[in-house]
Amino acid sequence: MKDKSEPEPEEYKIIYSLEDSAELLTKYFMATDHEGAKEMFSFVCEKNDFIASVRRVEKWNRWSSKWEIKEEAED
């Protein structure tokens, strides 16, 4: 049985670019907060030897059916 105090995972979208590329790419993660999603993204990058720059982290708001920006990189 699940503990009620444990937060539910939510859908996050990481928008990023790879080293020496201007093309923006997207990866999706289920996490309890945007920092957790960024940690998962960092793990994927390390595992696959990617050098990536996170441009934006967005969270899906299921009530309004839209993506909300949680963090945006300063250029």
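Here we summarise the structure given alongside this text. If you're wondering where the values come from, they're calculated on a predicted model, not measured in any experiment.

Our next topic: the overall build of the chain. Check the secondary structure of the chain and you find one helix and four strands. Walking the chain from its N terminus toward its C terminus, one meets helices and strands in the order β-β-α-β-β. Dimensions along the principal axes, computed over C-alpha positions, put the chain at roughly 45 × 30 × 15 Å. With 75 residues in all, the chain has 23% of them scored as buried. For the chain, the exposed surface amounts to about 5,800 Å²; the carbon and sulfur share of it is 47%. Distance from the positive charge centre (12 side chains) to the negative charge centre (19 side chains) of the chain: 7 Å.

Scanning the model with the defined rule gives four aromatic pairs in all. Centroid distance Tyr 28 to Trp 67: 5.9 Å. Interplanar angle 45°. Geometry classified as tilted. Of the two residues, Tyr 28 sits in strand E2 (residues 25-31) while Trp 67 sits in strand E4 (residues 66-72), which places them 39 residues apart along the sequence. Judged by relative accessible area, which is 48%, Tyr 28 ranks as partly exposed. On the basis of an interplanar angle of 80° and a centroid distance of 6.4 Å, the ring pair of Phe 29 and Phe 41 is categorised as edge-to-face. Here Phe 29, found in strand E2, pairs with Phe 41, found in helix H1 (residues 34-47); they are twelve residues apart in sequence, far enough to count as distant. On the accessibility criterion, Phe 29 (11% relative accessible area) is buried. Through a chain of ring-to-ring contacts, the aromatic side chains of Tyr 16, Phe 29 and Phe 41 assemble into a single cluster.

About the criteria used
Residues numbered from 1 in each chain as written. Predicted model: local features only at pLDDT ≥ 70, side-chain atom pairs only at ≥ 80, totals over all residues. Heavy atoms only, no water. Helix = DSSP H or I, 4+ residues; strand = E, 2+ residues; numbered from the N terminus. Buried < 20%, exposed > 50% of the residue type's maximum accessible area, 1.4 Å probe, protein only. Areas by Shrake-Rupley, 256 points an atom, 1.4 Å probe, with all protein chains shown as cover. Lys, Arg positive; Asp, Glu negative; His and termini not counted. Charge placed at Lys NZ, Arg CZ, Asp CG, Glu CD. Phe/Tyr/Trp six-rings, centres within 6.5 Å; stacked < 30°, edge-to-face > 60°.

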